[in-house]
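The lines below spell out each chain.
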Amino acid sequence: MLLGMLLVSWQGAGAQGGNMVRFSATRFDAMSAFYADNTEHGRATLITSDSVLHTAHILVDYTLRAAELTHLDKDLRTLTATMLARSAKQAQDEAARRYVMAPPPYGYTRVAAYFGVAQQLLNPKAAMPEIIRPLVAKEVALILAHQGQTVSPITGVFEDYTQYVPRGHYTRNEAFMRYFRAMMWYGRAGFAISGEKAPGIKLSRDEARANAWAGIVLARDLAEPVTLKLWQAIYRPTGFIVGLSDDLTPPEYAALSRQVLGDTLPGGWTPDAQARTDRFITQAIALRPPQILGTVQSDNEAAPPVAVRFFGQRYTPDSAVFQRLVHASVPNRFMPTGLDVMAALGSPEAEARLRARGEFTKYPGYGAQLAKVQREIAGWDDAWQRTAYLLWLRAIRDLVNEQPGPTDATRRQTLPAWWTSPAWQAKQLNAGLGSWAELRHDTILYVKQSYTAWAMAMPMPAPRPVLYVEPVPKVYAGVRMLLSTLRQTLTQEGVFPAELGANYDQFNRLLRVLYVTSMQERYPGLEMMKPLDARDVGLLPKIGDVLAEVETLPEPLRAQLTGQEDVQMAIIADVHTDPNAGQVLEVGVGRVLAVTAPVTIDGRTIEVSGPIFSYYEFAQPMAKRLTDGAWQEMLRAGNAAKPFVLGAYMK
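Residues numbered from 1 in each chain as written. Predicted model: local features only at pLDDT ≥ 70, side-chain atom pairs only at ≥ 80, totals over all residues. Heavy atoms only, no water.

Considering helix α24 (residues 628-637)
Those residues of α24 lying buried are W631, Q632 and L635. Axial view of α24: buried residues confined to an arc of 100 degrees, hence all on one face. Of the residues trailing α24, G638 is marked for its positive phi of about 75 degrees. (Buried < 20%, exposed > 50% of the residue type's maximum accessible area, 1.4 Å probe, protein only. Helix = DSSP H or I, 4+ residues; strand = E, 2+ residues; numbered from the N terminus. Arc of directions from axis to C-beta.)

A short note on the pattern of salt bridges
In total, this model carries 28 salt bridges according to the counting rule given. Ionic pairing is found between D536 and R512, a salt bridge with its closest N-O pair at 4.0 Å. Of this pair, D536 sits in helix α21 (residues 534-537) while R512 sits in helix α20 (residues 501-522); the two residues are 24 residues apart in sequence, bridging distant segments of the chain. Side by side, D536 and R512 carry an identical accessibility label, which is buried. Three or more residues joined by partner-sharing salt bridges are found here, namely R333, D340, R357, E359 and K362. (Salt bridge = Lys/Arg side-chain N within 4 Å of Asp/Glu carboxyl O.)

A word on the packing of aromatic side chains
This structure, assessed with the given rule, holds 19 aromatic pairs. Ring centres of Y186 and F310 lie 4.8 Å apart, and the angle between their planes is 50 degrees; this geometry places the pair in the tilted category. Of the two residues, Y186 sits in helix α6 (residues 174-188) while F310 sits in the loop between β6 (307-309) and α11 (317-324), which places them 124 residues apart along the sequence. Accessibility expressed as a relative area gives 1% for F310, which makes it buried. An aromatic cluster of at least three residues, connected via ring pairs, comprises Y114, F115, W185, Y186, F191, W231, Y235, F310 and F311. Against the face of F360 rests R355, its NZ or CZ located 3.9 Å from the ring centre. (Phe/Tyr/Trp six-rings, centres within 6.5 Å; stacked < 30°, edge-to-face > 60°. Lys NZ or Arg CZ within 6 Å of the ring centre and 35° of its normal.)

Remarks on the confidence of the model for the protein
When pLDDT is low, close inspection of the predicted coordinates is not appropriate. Per-residue confidence for the protein averages 81 on the pLDDT scale, and 84% of its residues sit at or above 70. When pLDDT is averaged over each helix and strand of the protein, the minimum, 32, is found for helix α1 (residues 2-15) and the maximum, 96, for β6. Here residues 98-105 scores under 50 on pLDDT; set against residues more than four positions off or in separate chains, the count is 21 contacts. (pLDDT = per-residue confidence, 0-100. Contact = heavy atoms within 4.5 Å.)

Structure (structure tokens):
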């Protein structure tokens, strides 16, 4: 009876008007709490698909967490230690090698370092063989810093180290974070045999051969029964949860290498061995090409790089959709949207919104690419049952496509009138996107993330940041000299705080960039003896972060030397005393001011703005000399006069 009452009420509400759907904020942090409150207060309840999908997310996420901590982490540690011991022994014992790589450090040394990185990430206190210690230390430092992109010391190709920031549920404890970093390394790092070693710089033939040999060494070492069983114990369950690797797996690599090279590898880097390696590379590239870019690469390269990865990140259709709807597949479209995924799944609402955003008109080729992926996904049948990820995605597809058919009169009569209203269709799209976000959150470690190709041959359509350095090269040179001399002198005296060395180095690097840039601004066409490279120039767009890093004291110096007053820029000092009047002259700086000025860049006049000092000076009673804290309080209370020099120019 109660159910019938609810249904009648629901239908009645719909019959009153199709546009009565409303949305409002609530005070709840859980959908279950919303339901409980409804029950407590006797309010009628609508059980939403959102809440069902959300609960599914919680169960899937907790299941994955439990599997990782109770099984996968343990197996990963055992497998890593075994592979490291095996490859390190081969690298250390030159006489026991079955073949010789040329030139070094190819072959076992790099493979041992590859596993050494994972070992160090899983257990920072683990002993590391001396032969690989320097390589491992360099790589681990880049991973733990997780800043920017550069060429990996071990794999020799460009790596995006920002990916190594633990996220998703992997921030919950240290064990999760260590597992995340190690699996991210295994998922992203590998030995590439095609593509680029850096954007716009193709792998040479020798580099591809050397990487092929390293990959073969890794794959054949894994093929031993004990290690292969451990690998499968990790790969198979995660393969079902998320999907199969988008990249070549070690077993695939090992099988192909035996087919092309035989069971016994050549004993030296002979012309015959090189020719056979070239044949292996050709066949490996054609074996199972990856569909998702997964790394930083220029648009000059037509296809994602082919590489063997120990636990390569997994192919998912939504990542593939993104990959096919951004540059270079859709020229000049650099950032996708979740609407792309929903439209690919067949959501009319998502496609309508994409059209309203102008995606079909702004980016020639977008419509054709979207239609192609829509046809492919619509043609799937049993494919949806291959993984838990696909099953979840199918549920989302069914949700965002849920609407009465044009000839389904009976169904139309049993649904509330607002079911096809724009507001409800927006709600369904929102639910699909929300559930998809939870799906990607839970599987963030395993899913291969799509990348937009780096546009090397064309300008970015979005406005690039305009940067103009105040052209005072002498100032930058003078500050460099000051700091260099101070550091050198205090070091000789034995009193320079070594903990600040990195701060000094970073600032010195920035100062050189500012000096060179300002010289070129003042003297167009000037060629410097030591030009700036791309990494140096890259400091300028993130000047705020660089300065903050330089200004941040490392621990324990920060705790020893700083106080609450150091949070603010404002400081004060009395610099002269007049006993006649009983006053002192106070000088100080307050909050940051901004300056705005026009400059001509590439023939265009543009207003640029930047931060400058606010300078103050005033008389103060001798008995009330100001501290920084007192001065900061005056500023907060609005008890300070206008800045001394610039006050007249300020409203």
